[in-house]
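# Descriptive analysis of the structure
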Amino acid sequence: MALLEIEDLHASVDGHQILKGVNLVLNAGEVHSIMGPNGSGKSTLAQVLARRESYEVTQGRVLYAGKDLLQMKPEEAACEGVFLAFQYPVEIPGIGNAYFLRSAMNAIRKYRGEDELDAMDFLPVFRERLKLLEMDDALMSRSLNEGFSGGEKKRNEILQMAMLEPRLAILDETDSGLDIDALKIVAEGVNALRSSQRAFLVITHYQRLLNYIAPDFVHVLVDGKIVRSGGPELALELEEKGYGWTEAEAQPA
Amino acid sequence: MSTSVETIRDLAQQEYKWGFVTKIDEDRVPKGLNEEIVRLISARKGEPEFMLEWRLKALRHWQSLERKDAEPKWANITYGPIDYQDIVYYSAPKQRPAIDSLESLDPEILRTYEKLGIPLEEQKRLAGVAVDAVFDSVSVATTFKSKLAEMGVIFCSFSEAVQKHPDLVRKYLGSVVPYTDNFFASLNAAVFTDGSFVYVPKGVRCPMELSTYFRINAAETGQFERTLIVADEGATVSYLEGCTAPIRDENQLHAAVVELVALDNAQIKYSTVQNWYPGDKEGRGGIYNFVTKRGKCVGVNSKISWTQVETGSAITWKYPSCILQGENSVGEFYSVALTNNRQQADTGTKMIHIGKNTRSTIVTKGISAGRGQNTYRGQVKIMKSATGARNYTQCDSLLIGDRCGAHTFPYIDVRNSTARMEHEASTSRIGENQLFYLRQRGLKTEEAVSMIVNGFCKTVFRELPMEFAVEAQKLLGVSLEGSVG
């Protein structure tokens, strides 16, 4: 059974139709990349899958691990294993990074009927993952994303992903605003988490990130529809020819 | 955005969790306020002559104010007229057990505390907190007394202090908040029934947090508490005050007075968690809380620190203040005030700098939700004599939903050019994007809101004693269930 099945998904934001019939299937163990020009609906797809309520689904269905994802609240989807690495992570003043992460882990564990973690269980794992992402220990006590640089925020997203161990990880333009060193660290973090139990949906505007995270499949989203799918070579082709090439294909013949 | 507003409204529907009434026989005086009632109260309490005289002077002053219609109207709050003749000014549980033994308490009272989650026995055992429990208007239990007595610390009900330590009461009563201070303070002086009294002698560091739980119980009984805390030279004391109240249909007037006196090198820390019944979601019922709290740093290098977490009451009118008279004295005010549904709060502080090199810090966090109206009102006054005075003020407001209000009225009056003043202010709202971010990580909306608000209040909560901080977060959570999105 596929982990994620998207069928004819239509969605609108503030009355504007953004997704116009997306079809996509992800199996556990696969890494898919969604590429596309600005405004093609990449982020909308990510937000809809994470169940943001201000994004209205007008048609289609999404099955996640056999369940109707579109019936879930954001926290239910999260507890079922859907993780979104945000393009613009939000700052929450006064809430310690470690405290927040432990609360999130425990919310998810509680949902699954597992025992909550105390600080003694949590800290060793947290420290290890910090190291993986070459993040400073001082981040533990700092407020969630507050005063973080753009790169620190993105790394923090990957840190959270590494801690929460989702089954479906959606990365929304995690590469934007990263310099090459940070990009490599983020990619290494992602690669370390690749497993046969987990699928990735990596949304990116540029091919650059895909040099470090080798996707199994590449899809091109244009004007709310996937117009082309292929292997990693598609990303290179796009890099060479630009999106104009696929946009032409999106026009009805 | 609309979804999150809906959520806020849904959450705002939850009922006050701690509303219940305890059945206890009460000893009450008739409704109304006149000389006869004041004499009756004083007689019931077996007070010495000087107390009766003081009460009567206060009554006359209050009556003159009432004739001039001098009930303060400047605050940013609205409420119907209060009929002061329609209030019962004294009630006490009839059963008065021996003060030192919990076993002799009316089991009903014990059960009330258990419902509140603060069983005396637990408190006694756990935190090493001495509890002077004020049930309605008369203290019924005082614990840890003997241990405190060994160190010369006096911690008892005000009534007991009047009987056993009349000289101290006489010396300090009204020395910070005179009976002429304001309308509600005059009223309190005339009719106050009980409260707490603390005296920490020279050089003594009080070995435990002193705590009083106030609870309004009798219907139509205004509660008029009076607390006096004196820290003698070099003494240190930390005092905790916290309360909840049962559901009532009629508004209940509460006009308390708290006076703090810090002599040379003394320190007083006064922490409050207030969660009185705020009224229902339409604003019916709920406590009117008109409180005068003031501390006087009389001595050099003395320090008074107020921390308050105000989540209850229909109306809060409260300005815990510091008179910084001694050289190098320090005043602090840390406040979290939350208004939900139809609650109104007009609260803040006054820092009056008189002595040289006096310093004050004000940090306030106002949270408005539902149709709540939250006002910060603060005055920082640097007198001519206060060379080298410094003040730092930070007031932040957080809005939840789109039907509430936050207001800020800072008054700054500087009469000495060496003063250094800093003022920072911010207003923000809980955004749909913040909530979505936290929910995407698995937290329920309520948990997310609670987390954001607790983060917002962090700089105040860390001023609270540890066990109180935990309780404050819980109270905020409970209040927020009705408040936030």
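Scope of this entry: the structure provided in the associated data block. Keep in mind that what you see is a predicted model, and the values were worked out from it rather than measured.

With that out of the way, let us pick up the overall build of chain B. In terms of helices and strands, chain B carries 13 helices and 23 strands. Sorting the 485 residues of chain B into buried and exposed places 63% on the buried side. For chain B, the proportion of contacts with a sequence separation of at least 24, taken over those separated by at least 6, is 84%. A total of about 17800 Å² of accessible surface is found on chain B, and carbon and sulfur atoms cover 48% of it.

In this structure the tally under the stated criterion is 29 salt bridges over all chains. Between B:Arg439 and A:Glu53 there is a salt bridge, and its shortest N-O distance comes to 3.1 Å. Taken together, the positions of B:Arg439 in helix 10 (residues 432-440) and A:Glu53 in the loop between helix 1 (42-49) and strand 4 (55-64) put the pair across two chains. Residue class for B:Arg439 comes out buried when judged on its relative accessible area of 8%. Residue A:Glu53 is classed as partly exposed on the basis of its relative accessible area of 36%. Taking the shortest distance from any N to any O, the salt bridge between B:Asp346 and B:Arg377 comes out at 2.7 Å. Within this pair, whereas B:Asp346 is found in strand 18 (residues 344-353), its partner B:Arg377 is found in strand 20 (residues 373-382), the two being separated by 31 residues in sequence. With respect to class, B:Asp346 is no different from B:Arg377; both count as buried. The network of salt bridges with common partners includes A:Glu53, A:Glu75 and B:Arg439.

Residue and element names in this part refer to chain B. Residues Leu438 and Val453 are the most contacted members of the largest nonpolar core, which totals 71 residues. Filtering out sequence-adjacent residues up to four positions away, valine 453 remains in contact with Ile367, Leu398, Ile400, Ile430, Leu476 and Leu480. Counting residues in hydrophobic clusters, the runner-up holds 57 residues, among them Leu56, Phe158, Ala161 and Val230.

What follows covers the sheet that holds strand 6 (residues 82-85) of chain A. All names here are of chain A. The 6 strands lie next to each other as 6-9-10-3-11-12, forming an open sheet whose pairing is mixed. Every other strand in the sheet has two partners, leaving strand 6 and strand 12 (225-230) as the edge strands with one partner each. Along the sheet, successive strands turn relative to each other by an average axial angle of 20°, direction set aside. As judged from the 5 bridges shared by strand 9 (residues 168-172) and strand 10 (residues 199-204), these two strands associate in the parallel manner. The partner of leucine 168 across the bridge, within strand 10, is alanine 199. Sheet strands touched by helix 5 (residues 150-164): strand 6, strand 9 and strand 10. Its angle to strand 6, the strand with the most contacts, is close to 165°.

Below, the discussion takes up the interface of chain B and chain A. By a frequent convention, interface size equals the accessible area lost on bringing the separate parts together. Facing the 21 residues of chain B at the interface are 34 residues of chain A. In total, chain B and chain A occlude about 2200 Å² of area from one another, counting both sides; carbon and sulfur atoms represent 61% of this. Summed over the three residues of chain B that lose the most area to chain A, namely B:Phe436, B:Tyr437 and B:Arg441, the buried surface amounts to 34% of that side. Connecting chain B to chain A are 4 salt bridges. Residues B:Arg441 and A:Glu157 are paired through a salt bridge, measuring 2.6 Å at the closest nitrogen-oxygen approach. At the junction of chain B and chain A, the tally comes to 13 residue pairs in polar contact (both at pLDDT 80 or more). Elements with a contribution of two residues or more to the side of chain B that touches chain A: helix 10 and helix 11 (445-456) of chain B.

A contiguous patch of negative charge, built from A:Glu134, A:Asp179, A:Asp181 and A:Glu188, is present on the exposed surface. Structurally, A:Asp179 is set in the loop between strand 9 and helix 6 (180-193).

Our focus in this paragraph is the environment of B:Asp413. Residue and element names in this part refer to chain B. With respect to the helices, strands and loops of the structure, aspartate 413 is situated in strand 22 (residues 405-414). Along the primary structure aspartate 413 and valine 380 are separated by 33 residues, whereas in three dimensions their C-alpha atoms are 6.2 Å apart. For aspartate 413, the residues in contact, after removing those within four places along its chain, are Val380, Lys381 and Ile382. Among the polar contacts made by the side chain of aspartate 413, one reaches the side chain of arginine 415 at a distance of 3.0 Å.

Glancing now at the packing of helix 3 (residues 49-67) of chain B against helix 9 (residues 183-191) of chain B. Residue and element names in this part refer to chain B. Orientation of helix 3 relative to helix 9, taken along the N-to-C sense of each, is 145°, at an axis distance of 7 Å. Considering the relative orientation of helix 3 and helix 9, their crossing is left-handed. Mapping the contact onto sequence places Trp54, Arg55, Ala58, Leu59, His61, Trp62, Leu65 and Glu66 in helix 3 and Phe183, Ser186, Leu187, Ala189, Ala190 and Val191 in helix 9. Residues of the contact of helix 3 with helix 9, tallied by class, amount to 10 nonpolar, 2 polar and 2 charged.

Okay, the sheet that holds strand 2 (residues 16-26) of chain A next. Residues and elements named next belong to chain A. Strand order in the open sheet formed by 4 strands is 2-1-4-5, with antiparallel pairing between adjacent strands. This sheet does not close on itself; its edge strands, each paired only once, are strand 2 and strand 5 (67-68). Of the strand pairs in this sheet, strand 1 (residues 4-13) and strand 2 are connected by 8 bridges, and their pairing is antiparallel. Bridge pairing in strand 2 places isoleucine 6 opposite leucine 24. Helix 1 rests against strand 1, strand 2 and strand 4 of the sheet, and its axis sits at about 110° to strand 1.

All names here are of chain A. Tracing the backbone shows histidine 205 in the loop between strand 10 and strand 11 (217-222). Its relative accessible area of 15% is what places histidine 205 among the buried residues. A polar atom in the side chain of histidine 205 sits 3.2 Å from the backbone oxygen of glycine 36.

Conventions adopted
The residue numbering used here restarts from 1 in each chain and proceeds along that chain's sequence as written. The order in which chains are written sets their letters, starting at A; the order in which ligands are written sets their numbers, starting at 1. Owing to the predicted nature of the model, reporting of local features is limited to residues with pLDDT of at least 70; listing and counting of side-chain atom pairs is limited to 80 or more, with chain, interface and lining totals taken over all residues. In computing side-chain properties, one takes all heavy atoms of the structure into account and sets aside hydrogens as well as water. Secondary structure elements are taken from DSSP: a helix is a run of H or I of four residues or more, a strand is a run of E of two residues or more, and numbering for both begins at the N terminus. When accessible area is computed with a 1.4 Å probe and restricted to protein chains, residues below 20% of their type maximum are described as buried, those above 50% as exposed, and intermediate ones as partly exposed. Pairs of residues are marked as contacts when any of their non-hydrogen atoms sit within 4.5 Å. Computed by Shrake-Rupley with a 1.4 Å probe, the accessible areas treat only the displayed protein chains as cover when residues are assessed. By convention in these notes, a salt bridge is any Lys or Arg side-chain nitrogen within 4 Å of a carboxyl oxygen on Asp or Glu. By convention a nonpolar core is built from buried Ala, Val, Leu, Ile, Met, Phe, Trp, Tyr and Cys residues, the set being connected through side-chain atoms within 4.5 Å. Being paired, for any two strands, means DSSP has found at least two bridges between them. In this description, a line fitted to the C-alpha atoms serves as the axis of each element, helices being fitted only across the stretch in contact, and the angle between N-to-C directions of two axes falls anywhere from 0 to 180 degrees. Here's the idea: put two parts together, see how much 1.4 Å probe accessible area each one loses, and the total over both is what we call buried area. Polar contact is defined as a pair of N or O atoms within 3.5 Å, subject to the rule that within protein one atom must be able to donate a hydrogen and the other to accept it, and that residues adjacent in sequence are counted only when both atoms are side-chain atoms. Each patch is built from salt-bridge-free residues with over 30% relative accessible area, joining like charges within 9 Å and nonpolar side chains (Val, Leu, Ile, Met, Phe, Trp, Tyr) within 5 Å. Residues counted as positive are Lys and Arg, residues counted as negative are Asp and Glu, and His and the chain ends are not counted. We put the charge of a Lys on NZ, of an Arg on CZ, of an Asp on CG and of a Glu on CD. Left-handed describes a crossing in which the near helix is turned anticlockwise from the far one by less than a right angle; the clockwise case is right-handed. Polarity classes work like this: nonpolar for Ala, Val, Leu, Ile, Met, Phe, Trp, Tyr, Cys and Pro, charged for Asp, Glu, Lys and Arg, and polar for all others, with Gly in that last group.

What is shown is where atoms sit, not what they do.
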